[in-house]
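Observations on the model geometry
These are the residues of each chain, in order.
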Amino acid sequence: MGFSFEVDRTAEGGGRRGRLRLPHGVVETPVFMPVGTAASVKAVPQSLLEEVGAGGKGAQIILANTYHLYLRPGHELVRRMGGVHRFMSWERPMLTDSGGFQVFSLSKLRKISPEGVEFRSHLDGSKHFFSPEHSMDVQIALGADVAMVFDECVETPATWERTRESMGLTHAWAQRSKDHFELHKDRVPWFSERQEQTQSLFGIVQGGMYADLREESAKRLVEMDLPGYAIGGLAVGEPREVTREMIARTLEHLPKDKPRYVMGVGYPDEIEEYARMGVDMMDCVLPTRSGRHGLLFTSEGRLNIKKKEYAEDQGPIDATCGCMVCRRYTRAYLRHLFASGEPLSAVLNSVHNIAFYLDTMERVRGDLGTGRS
Ligand code: GUN
């Protein structure tokens, strides 16, 4: 309970305009989800997130990470604080990634067995063990609207044999994630307050850069009859044409009546392209991470605010952008903030970039909904 997905219209290219109903609200799709790794979208207060971009509607859904919140402050503490929504004062929808990807990309000395992964914390080197069951327990304690199965994201490049073996582990872990989740999903912190609505669990398709494995993985996960499916293992260093090809080849095998989520992508033109191919959800650290590094996205391409040429530039970041940063501040001032290491630089750059991503998706939703594409 607490989940439904409707498609209003599908365009010729496969893009869909739809709606995801979750316990904490309705999400218009296709949607971009800003990343709030440690229950914070870095440098952006929740009040701004609620207002920035998409005609003032703000972010509809954000993502947090199981791996980080388990290590600090601990999922049991977050549960005692009423769950991640209440803890961070964000009452809109949220999704948590399962920890699989982060264990593989951040932690040291991983030991993988069919049972799970032993790893050392990137914070203090302490030893931990994650299994599909444990990831579910942590995600249920955090209580996001959507949880993800525990998966293994294979390294690139990887041989077909190595990728298939890893994918097999991901499938076994997906089944164990589902079995454990079904038994315990009524333990989300807000279960009784929200008329016994609960979390939903999405599957993750793997299969590396091999179309036949992507097909096999999609089919195996679809058999598990989960409410939504993600495509993982992409944007890990492969050329963009390969990312696009893997997405296209996977979408063919995913049900049309369920949401489809590509994890960890991409630049603004990529998220637009994938949304027009039929991807309903995406997340990426790029708008916030790039913002902190002075890289701004505009309708004319990328702009590096560090450059001397902006020192006395009285214009906004992007003359066509209506965000609160472009309405108020000049490039000259933003360059000065960056050059001076002022914390406000990270805030304003991140706010603009998030607005740019949310506006991009708002425009795509408009096109898909009205038949302009
Ligand atoms: N984020 C980006 N890629 C992935 C992936 O393959 N798996 C998970 N769990 N998260 C991701």
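Here is what the cut-offs are and how they apply
- Residues numbered from 1 in each chain as written.
- Predicted model: local features only at pLDDT ≥ 70, side-chain atom pairs only at ≥ 80, totals over all residues.
- Heavy atoms only, no water.
- Pairing = 2+ DSSP bridges.
- Helix = DSSP H or I, 4+ residues; strand = E, 2+ residues; numbered from the N terminus.
- Axes fitted to C-alpha atoms, helices over the stretch in contact; angles between N-to-C directions.
- Near = heavy atom within 4 Å.
- Polar contact = N/O pair within 3.5 Å; in protein donor to acceptor, adjacent residues only side chain to side chain.
- Areas by Shrake-Rupley, 256 points an atom, 1.4 Å probe, with all protein chains shown as cover.
- 1 Å grid on protein atoms, 1.4 Å probe; cavity = no way out; pocket = protein on both sides within 12 Å on 5 of 7 lines; lining within 4 Å.
- Sits in = over half its atoms within 2 Å of the grid points.
- Nonpolar A, V, L, I, M, F, W, Y, C, P; charged D, E, K, R; others polar.
- Points joined across faces, edges and corners; volume = space filled by probe spheres on them.

Taking an unreviewed UniProt entry as the reference, the chain is identified by name as Queuine tRNA-ribosyltransferase belonging to Tunturiibacter gelidiferens.

Time to look at the sheet that holds strand E7 (residues 108–113). Sheets are built from strands paired through backbone hydrogen bonds, the pairs being either parallel or antiparallel. The strand order across the open sheet formed by 3 strands is E7-E8-E9, and the pairing between neighbours is antiparallel. Strands with a single pairing partner mark the edges of an open sheet, and in this sheet they are E7 and strand E9 (127–130). Each adjacent strand pair in this sheet contributes to an overall mean axis angle of 15 degrees, direction not counted. The pairing of E7 with strand E8 (residues 116–120) spans 4 bridges and is classified as antiparallel. Bridge pairing in E8 places Lys 108 opposite Arg 120.

With that settled, consider the site of the ligand. Taken together, Asp 97, Ser 98, Phe 101, Asp 151, Cys 153, Ile 204, Gln 206, Gly 232, Gly 233 and Met 263 make up the full set of residues adjacent to the ligand. Asp 151 has a polar side-chain atom sitting 2.7 Å from a nitrogen atom of the ligand. Gln 206 places a polar side-chain atom, nitrogen or oxygen, 3.0 Å from an oxygen atom of the ligand. In isolation the ligand exposes 280 Å². Once the protein is present, 96% of that is buried. Comparing atom positions with the cavity grids shows the ligand to sit within the largest pocket. Residue composition of the shell around the ligand, by class: 4 nonpolar, 4 polar and 2 charged.

A few words on the layout of surface pockets. In this model, the largest pocket occupies a volume close to 1,000 Å³. For the largest pocket, the lining is made up of 45 residues, of which Phe 101, Gln 102, Gly 264, Val 285 and Arg 289 are closest to its centre. Of all the elements in the fold, those that place two or more residues in the lining of the largest pocket are strand E5 (62–65), helix H2 (66–71), helix H5 (100–106), helix H9 (240–251), strand E14 (281–284) and helix H11 (286–292). Here the lining of the largest pocket is built from residues that sort into 20 nonpolar, 15 polar and 10 charged. In this structure, the second largest pocket occupies an estimated 190 Å³ of space. Lining the second largest pocket are Phe 101, Phe 104, Ser 105, Arg 110, Ile 112, Glu 152, Cys 153, Val 154, Glu 155, Thr 156, Arg 162 and Val 236. Broken down by secondary-structure element, the contributors of at least two residues to the lining of the second largest pocket are H5 and E7. The leading source of residues in the lining of the second largest pocket is H5, at 3 residues. The residue inventory of the lining of the second largest pocket, partitioned by class, reads 6 nonpolar, 2 polar and 4 charged.

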